[in-house]
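# A structural walkthrough
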Amino acid sequence: MKQCQIYDGSLKFSRAVYGALTLLAFFIRSEWLVFAVAVLIILGAFSLKLNFLYQFHAVVLKKMTKKQTVPVQKEAAELNFVAAMTGALLLFGFLLLYFNTWVNFAWIFILLVSLLIFLACFVGFCVATLMYVLIKKLFKKENQGTTGTDSEQGK
């Protein structure tokens with residue numbers, strides 16, 4: 001898998017701001033703020049360069065504080081999956097609000113997503129990362145299983 005180097009502090013910063021904006025949207029009942037956050041997160045799924053809050057922290061704030069940090073290796077696909085899943089969940093909540101369907105459920109759902117973003121940020125436990133790892137293992141096992149049966153059929 002393709003690896004990339006990221007600044008963990010910048011990733012936590014961007015998640016914290018996204019979580020705070022989502023929580024703010026919940027408290028002021030702003031469906032358009034939910035939409036804006038979902039779009040920003042989904043942009044980050046395409047490339048880390050499009051994650052504006054990550055780039056802001058990595059470039060601007062680090063130069064202002066003159067703090068030297070070492071980047072860590074992460075799978076690019078994992079980061080993209082996490083951002084896409086988070087953005088999709090927020091977009092789903094927005095669509096429920098926009099079409100005026102299950103409005104109370106939608107706000108509770110958005111609050112839950114916000115809390116999951118904070119869990120990933122502050123505790124370091126990301127449900128989407130866990131899903132990515134489990135799906136990766138499932139497909140790896142499935143591919144190994146089909147390869148074994150194909151070789152047995154060839155005999």
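Everything in this summary refers to the structure shown in the same document. (Residues numbered from 1 in each chain as written. Predicted model: local features only at pLDDT ≥ 70, side-chain atom pairs only at ≥ 80, totals over all residues. Heavy atoms only, no water.)

### Description of the overall build of the protein
Tallying secondary structure elements over the protein gives six helices and two strands in all. Each helix (α) and strand (β) of the protein, taken in turn from the N terminus, gives the series β-α-α-α-β-α-α-α. Dimensions of the protein, computed from C-alpha atoms along their principal axes, come out at roughly 65 × 50 × 25 Å. Each of the 155 residues in the protein was classed as buried or not, and the buried ones make up 34%. Within the protein, residue pairs in contact and separated by at least 24 positions form 77% of the contacts whose partners lie at least 6 positions apart. Positive and negative charge centroids in the protein, built from 15 and 7 side chains respectively, lie 14 Å apart. (Helix = DSSP H or I, 4+ residues; strand = E, 2+ residues; numbered from the N terminus. Buried < 20%, exposed > 50% of the residue type's maximum accessible area, 1.4 Å probe, protein only. Contact = heavy atoms within 4.5 Å. Lys, Arg positive; Asp, Glu negative; His and termini not counted. Charge placed at Lys NZ, Arg CZ, Asp CG, Glu CD.)

### With respect to the state of the cysteines
Each disulfide consists of a covalent bond between the sulfur atoms of two cysteine residues. For the coordinates displayed, the defined rule picks out zero disulfides. There is no disulfide at Cys4, and the cysteine sulfur nearest it, in Cys126, is 14 Å away. Taking the relative accessible area as the measure of exposure, Cys126 reaches 13% and is therefore buried. (Disulfide = S-S within 2.5 Å.)

### A short note on helix 2 (residues 31-46)
The end-to-end C-alpha distance of helix 2 is 23 Å, a good match for the 22 Å that 16 residues give at a rise of 1.5 Å each. Where helix 2 is buried, its residues contact helix 1 (8-28), helix 4 (76-98) and helix 5 (103-123). (Expected span 1.5 Å × (residues − 1).)

### Things to note about the environment of Asn80
Structurally, Asn80 is set in helix 4. According to the relative accessible area criterion, Asn80 is partly exposed, its value standing at 29%. Between the alpha carbons of Asn80 and Leu112 there is a distance of 21 Å; along the sequence they are 32 residues apart. In contact with Asn80, other than residues within four places in its own chain, are Gly44 and Ala45.

### Brief notes about a nonpolar patch on the surface
The grouping of Leu112, Leu116, Phe122, Val123, Phe125, Val127, Leu130, Met131, Leu134, Ile135 and Phe139 at the surface amounts to a nonpolar patch, some 990 Å² of accessible area in total. If you tally residues by element for the nonpolar patch, the top one is helix 6 (residues 127-154), at six residues. As for its position among the elements, Leu116 is in helix 5. (Patch = residues over 30% accessible without salt bridge, like charges linked within 9 Å, V, L, I, M, F, W, Y side chains within 5 Å. Areas by Shrake-Rupley, 256 points an atom, 1.4 Å probe, with all protein chains shown as cover. Salt bridge = Lys/Arg side-chain N within 4 Å of Asp/Glu carboxyl O.)

### Quick word on the packing of aromatic side chains
Aromatic ring pairs are defined here through the distance separating the ring centres and the angle between the ring planes. Tallied over the full model, the rule gives 13 aromatic pairs. Put simply, the rings of Trp32, Phe35, Phe94, Tyr98 and Phe99 pair up and form one aromatic cluster. Above the plane of the ring of Phe26 lies Arg29, whose end atom (NZ or CZ) is 4.6 Å from the centre. (Phe/Tyr/Trp six-rings, centres within 6.5 Å; stacked < 30°, edge-to-face > 60°. Lys NZ or Arg CZ within 6 Å of the ring centre and 35° of its normal.)

### Looking at helix 4
The end-to-end C-alpha distance of helix 4 is 32 Å, a good match for the 33 Å that 23 residues give at a rise of 1.5 Å each. Three or more residues of helix 4 are buried, namely Ala76, Glu78, Leu79, Val82, Ala83, Thr86, Gly87, Leu90, Gly93, Phe94, Leu96 and Leu97. Downstream of helix 4 by a residue or two, Asn100 has a phi angle that is positive, lying close to 55°.

### Thoughts on the nonpolar core
Counting residues in each nonpolar core, the largest one holds 21 residues, and the members touching the most others are Val34, Val37, Ile41, Leu90 and Trp107. Breaking this core down by element, the ones donating at least two residues are helix 1, helix 2, helix 4 and helix 5. The residues touching Val34, leaving out its near neighbours within four places in the chain, are Ala25, Leu90, Phe94, Trp107 and Ile110. Counting five residues, the second-largest nonpolar core is a separate cluster that includes Leu11, Tyr54, Ala58 and Leu79. (Core = buried A, V, L, I, M, F, W, Y, C linked by side-chain atoms within 4.5 Å.)

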